[in-house]
Amino acid sequence: MSDAVQTQSNSKFNKRVFSGIQPSGGLTLGNYLGAVKRFVQMQNEDFETIYCMVDLHAITVWQDPARLKNNTRELAAFYIASGLNPEKSILFNQSAVSEHAELGWMFNCVARMGWMKRMTQFKDKAGKNAENASLGLFGYPALMAADILAYHATHVPVGDDQKQHLELTRDIAAKFNHDFGVDFFPMIDPVIGGPAARVMSLRDGSKKMSKSDPSDQSRINMNDDADTIAQKFRKAKTDQDALPSEESGLENRPEAKNLISIYAALGDQSLEDVLSDVGGKQFSAFKPMLVERAVETLSPISGEMNRLMLDVSEIDRLLKRGADKARAIAAPIVQKTYDIVGLLKP
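Below: a short report on this structure. (Residues numbered from 1 in each chain as written. Predicted model: local features only at pLDDT ≥ 70, side-chain atom pairs only at ≥ 80, totals over all residues. Heavy atoms only, no water.)

Helices and strands together make up the secondary structure of the chain, namely 14 helices and 5 strands. Taking 20 Å as the expected radius of gyration for a compact globule of 346 residues, we find that the chain reaches 21 Å, a close match to that expectation. C-alpha extents for the chain along the principal axes are approximately 70 × 45 × 45 Å. Contacts in the chain between residues at least 24 apart in sequence constitute 77% of all its contacts with a sequence separation of at least 6. Surface exposure of the chain reaches about 16,200 Å², of which carbon and sulfur atoms provide 50%. The distance from the centre of the 41 positive side-chain charges to the centre of the 44 negative ones in the chain is 4 Å. (Helix = DSSP H or I, 4+ residues; strand = E, 2+ residues; numbered from the N terminus. Rg over C-alpha atoms; globule rule 2.2 N^0.38 Å. Contact = heavy atoms within 4.5 Å. Areas by Shrake-Rupley, 256 points an atom, 1.4 Å probe, with all protein chains shown as cover. Lys, Arg positive; Asp, Glu negative; His and termini not counted. Charge placed at Lys NZ, Arg CZ, Asp CG, Glu CD.)

Okay, structure coming up:
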């Protein structure tokens, strides 16, 4: 589809953002800088913003029920503590709005098996044991398309690893519109990455920061207190050379690039601006700067998360209110989809 057609197709839709994170526990600095910090920025731009805990996606692999409920509330607390305002953004858990599952089934009937088989994330998650993976894991991208298109969202902030799924969402929207002769679903625009789109391990700058790394020293957990944050950055792996003054000097220096990128993202600075300030410094001089900025930015988030988790009834109240707002948008869109497809729904 040409850019001209895409622009024309989207011109009638309100500028609306949708994105979500799985409540699978173990929230890290990568979740904040790679996604949620960008979510917060977009709620203050010219968009209607809808953010979700995608708990239906989480159960494509086994989840302990009690832990899933706790993780969903913890993720909501993380969103709010990071600056997502339930008065500005719609915040809810996916399973509370049944239109996601309803539209997901219809998109299962639009998407093609060949499309799903090309999804690299399924191959990565299923590994060599693909025959034992759940059908839900295989069909995950159709539900993701429903998450987005149930709101006629036009923009979706995601990481690089989800870009292929967004391309599939566009394919599903285009095929639906073509098959039924309508211009009903928008062609979404991905907003790739966040202030630091890829945060790497503090122990190995060539690996992504991960909750599954056996070393807790490799990551900043979003519920770490100030002393723990400071200690982890002080012990973060570095090299022996002075910091460069230009970005090209970070090539083949993954640990240096990671720490500089984190510092820049935490302070809403570009790499170029940071390097012009710190170029020539040794890590012994730079790390205290990084520790100060990280503690100042992150410890209030962890403190507020912990406070919110002491009163989960308030989190549940906010999520219910968000689900009601979300359903008010999604229900008429899904109702119209039923009508277009030819399904009777009173």
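Once the structure has been displayed, the description carries forward.
Tracing the chain through its elements places asparagine 177 in helix H9 (residues 163-180). Non-local contacts of asparagine 177, meaning those with residues more than four positions away in its chain, are made with Val182, Asp183, Phe184, Phe185 and Met187.

Together, Phe180, Val341 and Leu343 line one region of the surface with nonpolar side chains, adding up to about 220 Å² of accessible area. Mapped onto the secondary structure, phenylalanine 180 falls in helix H9. (Patch = residues over 30% accessible without salt bridge, like charges linked within 9 Å, V, L, I, M, F, W, Y side chains within 5 Å. Salt bridge = Lys/Arg side-chain N within 4 Å of Asp/Glu carboxyl O.)

As a volume, the second largest pocket reaches approximately 400 Å³. Every residue lining the second largest pocket is counted, 17 residues in all, and those nearest its centre are Asn108, Leu135, Gly136, Gly139 and Tyr140. Ranked by residue count, the leading element in the lining of the second largest pocket is helix H8 (residues 135-149), at 7 residues. A class-by-class count of the residues in the lining of the second largest pocket yields 11 nonpolar, 5 polar and 1 charged. (1 Å grid on protein atoms, 1.4 Å probe; cavity = no way out; pocket = protein on both sides within 12 Å on 5 of 7 lines; lining within 4 Å. Points joined across faces, edges and corners; volume = space filled by probe spheres on them. Nonpolar A, V, L, I, M, F, W, Y, C, P; charged D, E, K, R; others polar.)

As a further point, take the packing of helix H5 (residues 99-108) against helix H14 (residues 312-341). Packing of H5 against H14 leaves a shortest axis separation of 10 Å and a crossing angle of 25 degrees. Relative to H14, the element H5 is oriented roughly parallel. Pair H5 / H14 crosses with left-handed handedness. In this structure, H5 uses Glu99, Glu102, Leu103 and Met106 to contact H14, whose residues at the interface are Arg327, Ala330, Ala331, Val334, Thr337, Tyr338 and Val341. Residue classes in the contact of H5 with H14 are distributed as 7 nonpolar, 1 polar and 3 charged. (Axes fitted to C-alpha atoms, helices over the stretch in contact; angles between N-to-C directions. Parallel < 35°, antiparallel > 145°, perpendicular 65-115°, else oblique. Left-handed = near helix turned anticlockwise from the far one by under 90°.)

Attention now goes to the environment of serine 19. On the secondary structure map, serine 19 appears in strand E1 (residues 16-21). A sequence separation of 197 residues divides serine 19 from aspartate 216, and the C-alpha atoms of the two residues are 28 Å apart. Setting aside residues up to four positions removed in sequence, serine 19 forms contacts with Phe39, Ile50, Tyr51, Cys52, Val156, Pro157 and Val158. Only 2.7 Å separates the side chain of serine 19 from the backbone oxygen of proline 157, close enough to count as a polar contact. (Polar contact = N/O pair within 3.5 Å; in protein donor to acceptor, adjacent residues only side chain to side chain.)

In this approach, a probe sized like a water molecule rolls over the atoms, and the result shows the empty space that is left. Following the criterion strictly, the structure yields 2 cavities of 30 Å³ or more and no others. In this structure, the second largest cavity encloses a volume near 40 Å³. Every residue lining the second largest cavity is listed: Pro86, Ser89, Ile90, Leu91, Leu318, Arg321, Gly322 and Lys325. Listed by contribution, the elements that provide at least two residues to the lining of the second largest cavity are strand E3 (90-93) and H14. No other element matches the 4 residues that H14 contributes to the lining of the second largest cavity. Counted by class, the lining of the second largest cavity contains 4 nonpolar, 2 polar and 2 charged residues.

Across soluble globular proteins, you tend to see nonpolar side chains buried next to one another. Among the nonpolar cores identified, the biggest contains 60 residues, and Leu29, Tyr32, Phe233 and Leu298 are the most heavily contacted of them. The biggest single contributor to this core is helix H13 (residues 283-308), with 10 residues. Non-local contacts of tyrosine 32, meaning those with residues more than four positions away in its chain, are made with Lys37, Phe78, Ser82, Met222, Leu266, Thr297, Leu298 and Ile301. In this structure, Val110, Ala150, Met187 and Ala330 belong to the second largest nonpolar core, which totals 47 residues. (Core = buried A, V, L, I, M, F, W, Y, C linked by side-chain atoms within 4.5 Å. Buried < 20%, exposed > 50% of the residue type's maximum accessible area, 1.4 Å probe, protein only.)

The subject of this paragraph is helix H10 (residues 226-234). Buried within H10 are the following residues: Ile229, Ala230, Lys232 and Phe233. The buried residues of H10 occupy one face: seen down the axis, they fall within an arc of 165 degrees. Facing away from the buried side of H10, by more than 90 degrees, are the exposed residues Asp227 and Arg234. Looking at the buried residues of H10, the elements they touch are helix H2 (29-43), helix H11 (254-266) and H13. (Arc of directions from axis to C-beta.)

To continue, consider the side chain of threonine 49. With respect to the helices and strands, the residue threonine 49 is situated in strand E2 (residues 48-53). Classification of threonine 49 by relative accessible area gives buried; the value is 1%. There is a polar contact of 2.7 Å between the side chain of threonine 49 and the side chain of serine 89. In contact with threonine 49, not counting residues within four places along its chain, are Val17, Met42, Gln43, Lys88, Ser89 and Ile90.

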